[in-house]
Amino acid sequence: SSAAVEWLKNTLREGQLSVEVVSSHELRLANAVELAVRFGKTIFVQEVDAVDPMLVPVLRKDLSRQGPRMAVRVGDKMVDYNDGFRLVLATRSPSPGILPDVDSLMTTVNFSVTLSGLEGRLLGLTIQHEKPDLEQTKTTILKAEEELKIQLEAMEQKLLVDLSASQGNILENKPLIHSLNELKTKSQAIKAKLEQSGMLQESIDAQRNVYQPVAAVGSRLYFTLLDLQKLNPMYRFALPMFLDLYAQALDSKELAHANPQERTTSLGPLLERLVFGAVSRALLKRDRLTYAMHLVHMLHPELF
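Residues numbered from 1 in each chain as written. Predicted model: local features only at pLDDT ≥ 70, side-chain atom pairs only at ≥ 80, totals over all residues. Heavy atoms only, no water.

Bringing the overall build of the chain into the picture now. Scanning the chain for helices and strands turns up eleven helices and six strands. Rg of the C-alpha trace for the chain: 27 Å, well past the compact-globule value of 19 Å for 304 residues, more than 25% over. Overall size of the chain, expressed as C-alpha extent along the three principal axes, is 80 × 60 × 35 Å. Evaluated residue by residue, the chain yields a buried proportion of 34% over its 304 residues. The contacts of the chain with a sequence gap of at least 6 include a subset with a gap of at least 24, amounting to 64%. (Helix = DSSP H or I, 4+ residues; strand = E, 2+ residues; numbered from the N terminus. Rg over C-alpha atoms; globule rule 2.2 N^0.38 Å. Buried < 20%, exposed > 50% of the residue type's maximum accessible area, 1.4 Å probe, protein only. Contact = heavy atoms within 4.5 Å.)

Here the focus is helix H6 (residues 132–165). Its 34 residues place the ends of H6 50 Å apart at the C-alpha level, agreeing with the 50 Å of an ideal helix rising 1.5 Å per residue. Against helix H5 (115–130) and helix H7 (174–208) lie the buried residues of H6. (Expected span 1.5 Å × (residues − 1).)

Where two aromatic rings form a pair, the distance of their centres and the angle of their planes describe that pair. Considering all chains together, one arrives at four aromatic pairs under this definition. With centroids separated by 5.9 Å and ring planes inclined at 85°, the aromatic side chains of Tyr222 and Phe223 adopt a geometry described as edge-to-face. Both residues of the pair, Tyr222 and Phe223, belong to the buried class. Each ring, one from Tyr222 and one from Phe242, has its centre 5.5 Å from the other, and the planes form 55°; the classification is tilted. Of the two residues, Tyr222 sits in helix H8 (residues 212–231) while Phe242 sits in helix H9 (residues 239–250), which places them 20 residues apart along the sequence. Among the residues examined, Tyr222 registers a relative accessible area of 6% and is labelled buried. One aromatic cluster is present, formed by Tyr222, Phe223 and Phe242 through successive ring pairs. (Phe/Tyr/Trp six-rings, centres within 6.5 Å; stacked < 30°, edge-to-face > 60°.)

Our focus in this paragraph is the sheet that holds strand E4 (residues 69–74). Spatially, E3-E4-E5 is the arrangement adopted by the three strands of the open sheet, whose pairing is antiparallel. Edge positions in the open sheet fall to strand E3 (64–66) and strand E5 (77–80), since each of these has one partner strand only. Ignoring which end each strand starts from, the neighbouring axes of this sheet average 50° apart. Summarising the sheet, E3 and E4 pair through three bridges and their orientation is antiparallel. Counterpart to Gln66 in the pairing with E4 is Arg69. The strands touched by helix H2 (residues 29–39) are E4 and E5; relative to E5, the strand with the most contacts, the crossing angle is about 35°. (Pairing = 2+ DSSP bridges. Axes fitted to C-alpha atoms, helices over the stretch in contact; angles between N-to-C directions.)

As enumerated under the stated definition, the model contains eleven salt bridges in all. Notably, a salt bridge pairs Asp80 with Arg69, separated by 3.0 Å at the nearest N-O pair. One end of the pair, Asp80, is in strand E5; the other, Arg69, is in strand E4, with eleven residues separating them in the sequence. A single salt-bridge network, built from bridges that share partners, covers Glu20, Glu26, Arg28 and Lys41. (Salt bridge = Lys/Arg side-chain N within 4 Å of Asp/Glu carboxyl O.)

Examined against the element boundaries, Leu27 turns out to sit in the loop between strand E1 (19–23) and H2. As a C-alpha pair, Leu27 and Gln66 span 39 residues in sequence and 29 Å in three-dimensional space.

Here the focus is the environment of Thr264. You can see Thr264 is positioned in helix H10 (residues 260–280). Look at Thr264 and you get buried, because its relative accessible area is 14%. Placed 50 residues apart in sequence, Thr264 and Val214 show a C-alpha to C-alpha distance of 6.8 Å. Every residue in contact with Thr264, bar those within four places of it in the chain, is listed here: Val210, Tyr211 and Val214.

The general pattern is negative phi for most residues beyond glycine and trans for most peptide bonds. The backbone of Glu47 sits at a positive phi, close to 55°, despite the residue not being glycine. A relative accessible area of 32% means that Glu47 is categorised as partly exposed. The residue Lys61 is not glycine, and still its phi comes out positive at about 55°. Mapped onto the elements, Lys61 comes out in the loop between helix H3 (56–60) and E3.

A few words now on a nonpolar patch on the surface. Together, Leu289, Met293, Leu303 and Phe304 give the surface a local cluster of nonpolar side chains, amounting to about 480 Å² of exposed area. Within the fold, Phe304 resides in the segment after helix H11 (285–299). The exposure class of Phe304 is exposed, given its relative accessible area of 53%. (Patch = residues over 30% accessible without salt bridge, like charges linked within 9 Å, V, L, I, M, F, W, Y side chains within 5 Å. Areas by Shrake-Rupley, 256 points an atom, 1.4 Å probe, with all protein chains shown as cover.)

Right, here's the structure in full:
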């Protein structure tokens, strides 16, 4: 969650927005919200366990007109409302205490790690290490595909504007017919490029999927670490620590001279040994066998 928060902060700042960062437990929260509402700033409230009642009128946009201005209540004050105001709430809790009527006022984005999401990330790291050109090609194709889709949407919008602005008989409107024919030709060319892009992407994905088993093992391994919290609340392992172990497996000299097929087959077991060796040192002796059994059960359920 901390990585998601940092990414969001940087993204907002890169967008040339004025961002005020404050914790929900700070005494200056009310004053910070008031200034953000008044001057149209973006306020980023961290460590939110529940939505402060002071924020509910702001979330609901309970605006009232005061002469030429619009105002909203923040705590005990009526504050001039600036349309540039943005509010972002961040929490580490998987189930924060937010009432349903308040939850309906917000857009929720879940940045928590999921099994499939982490698998995709690990697959990207593996391809970047094993076949960097392949990953670069995929990124380039996706970027080009998005640009083509944007062009296609812009052309559709132009077509609607031209049709709505036309007067009289459309069939006798030569400039409009010429514009429609031109748009049709460009649209067909873009659709053909998108089809070619889709075929090329399928070919690249087939090559990427060779490394899918390694990423799947890595993802399941990380979730065995999360399960350790049920055994003892002290057992907490961060994602960056696991990614370091994953990078060590990819850089291992043990497989430096192996062919691609051997590397794909051997990376999973090597990663298992690295993770178990690193994690078991942090566990109490009585819990090591329990973790070993849980790890085998998660990675090799067919043995049970």
